[in-house]
Amino acid sequence: MGKRTIFCLLLGIALAACSGEGEFSPTGNLNTPRHGHTATKLDSGEILIAAGLTKTSPLDDFEIFDPGQGIFKPYKIQGLRSRGWHKAILLKGGVLISGGWTSGGKALRDSYLMQSGGGVLVRAMMKYGRYDHTMTKLPTGDVLIAGGNDGKNAIRHLEIYAPDKRRFIPARRPMLMARQQHSATALSGGDVLILGGAEGKGARYAELFQPSRGRTRLVRSLTTQRSRHSATRLKDGRVLIAGGLGKEKTLDSAEIFDPATEKFTPLESKLRVNRQQHTAILLPDGRVVLIGGWGGEGRTLAGAEVYEPEKGCFWQVGVEMKYPRRLHTATSLGGGRVLITGGATDNEVLKSAEILTIKQEGKSGC
């Protein structure tokens, strides 16, 4: 047996071992190419895909992904203005879609509650137009809207959507710093951790929004300035902050926020790939999978990696998506399966979708 044959056998065994940790499989295509859209899991288990952007233009159409059939079906709703970089969240009364960017560089104030029963739109106006903001559900069922861009600059404004009144109410005070492309994570105690996306001297400071006080307060600073990162609450209540754009480059660092001590601790383990504009999903077994994004070498990424909380390390999934993608969505389907839709490569906006399956048992890659 020649050296080349032995090398190929060993390579094949290595790749087979890696691919056993997870796999990407194609599913039906979107009806419209889009990035900067939202994907919201409904009570039925279906996924609502809303608006977004083509290469240059905002969209006003919707699609529903049926997991049973693995297909996307057009979902007709009239009256929603075209938009991208908006936010969406599931409430008891339906899906709330807020803000977004539309033609002419305008930041939208108008928001809609899409009722799950019949697709009826209930319109409400935010006090401030915004995109690149965050929406976070509070223990009361209200929704916190934080920061974003008003079409000219990053903003500090906080608003609360009250579903029972179907209107937005300004918080008692704005954030301490203007932020966009930040993160806002609901903590188990009811507070919301807001971090990143700021500039200047305060860029490394985080804030905690306290619903009982209707305002934020400063917490200890992050170890690294970042935006376009991911922030995922782990099963033990801590928060994993991973990757993002630093002061001058795409990051491969991660840190953990502990609500008990209100302290950020850098992880010794680095991400396997520098990444920003990626997605992060908490798996049923407590691990976190990071998917796609923009890499440190100025290219869009096709790979994924998994964070192991018990070991505090990352390992690379041994297979890649069919297309590299950023500004896509990732939605848990349950059982370690994640639906990935749309996004952009270095050259085009995608209409493709894939399902990533991560094995819940087996050898760790760490």
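Please refer to the structure placed before this passage.
Summary of the structure given here.

On to the overall build of the protein, then. Across its full length, the protein carries one helix and 32 strands. Here the protein has a C-alpha radius of gyration of 20 Å; the compact-globule value for 366 residues is 21 Å, and the two agree. Reported as C-alpha extents along the three principal axes, the dimensions of the protein are approximately 75 × 45 × 35 Å. The proportion of buried residues among the 366 residues of the protein is 52%. Long-range pairs, those at least 24 residues apart, make up 49% of the contacts in the protein between residues at least 6 apart in sequence. Only carbon and sulfur atoms are counted for the fraction: they give 49% of the accessible area of the protein, which is about 16,600 Å².

Here we take up the sheet that holds strand E25 (residues 279–282). By way of backbone hydrogen bonds, the strands of a sheet pair with one another, either parallel or antiparallel. Overall, antiparallel pairing links the four strands, which are arranged E25-E26-E28-E29 in an open sheet. Both outer strands of the open sheet, E25 and strand E29 (313–316), are each paired with one neighbouring strand and no more. Across the sheet, the mean angle separating the axes of adjacent strands is 25° when strand polarity is ignored. Of the strand pairs in this sheet, E25 and strand E26 (residues 288–291) are connected by four bridges, and their pairing is antiparallel. Each residue of the ladder has a partner; that of leucine 282, found in E26, is valine 288.

Per the stated rule, a full pass over the model turns up 14 salt bridges. Salt-bridge contacts for glutamate 207 lead to arginine 179; the nearest nitrogen and oxygen are separated by 3.1 Å. With glutamate 207 in strand E18 (residues 206–210) and arginine 179 in the loop between strand E15 (167–170) and strand E16 (183–186), the pair connects residues that are 28 residues apart, well separated along the chain. A relative accessible area of 0% means that glutamate 207 is categorised as buried. With relative accessibility at 0%, the residue arginine 179 sits in the buried group. If you follow the salt bridges from partner to partner, you end up with Arg34, Asp61 and Glu63 in one network.

So, about the sheet that holds strand E12 (residues 134–137). The strand order across the open sheet formed by four strands is E12-E13-E14-E15, and the pairing between neighbours is antiparallel. Every interior strand has two partners, whereas the edge strands, E12 and E15, have only one. The sheet shows a mean angle of 25° between the axes of neighbouring strands, direction not considered. Here four bridges tie E12 to strand E13 (residues 143–146), and the two strands are oriented antiparallel to one another. Its bridge partner lying in E13, threonine 134 is registered against alanine 146.

On to the packing of aromatic side chains. Two numbers describe a pair of aromatic rings. These are the distance of the centres and the angle of the planes. Taken as a whole, this structure holds six aromatic pairs when the rule is applied. Ring geometry for tyrosine 161 against phenylalanine 168: centres 4.9 Å apart, planes inclined by 55°, an arrangement best described as tilted. The residues tyrosine 161 and phenylalanine 168 share a single accessibility class, namely buried.

Procedures and definitions
Residues numbered from 1 in each chain as written. Predicted model: local features only at pLDDT ≥ 70, side-chain atom pairs only at ≥ 80, totals over all residues. Heavy atoms only, no water. Helix = DSSP H or I, 4+ residues; strand = E, 2+ residues; numbered from the N terminus. Rg over C-alpha atoms; globule rule 2.2 N^0.38 Å. Buried < 20%, exposed > 50% of the residue type's maximum accessible area, 1.4 Å probe, protein only. Contact = heavy atoms within 4.5 Å. Areas by Shrake-Rupley, 256 points an atom, 1.4 Å probe, with all protein chains shown as cover. Pairing = 2+ DSSP bridges. Axes fitted to C-alpha atoms, helices over the stretch in contact; angles between N-to-C directions. Salt bridge = Lys/Arg side-chain N within 4 Å of Asp/Glu carboxyl O. Phe/Tyr/Trp six-rings, centres within 6.5 Å; stacked < 30°, edge-to-face > 60°.

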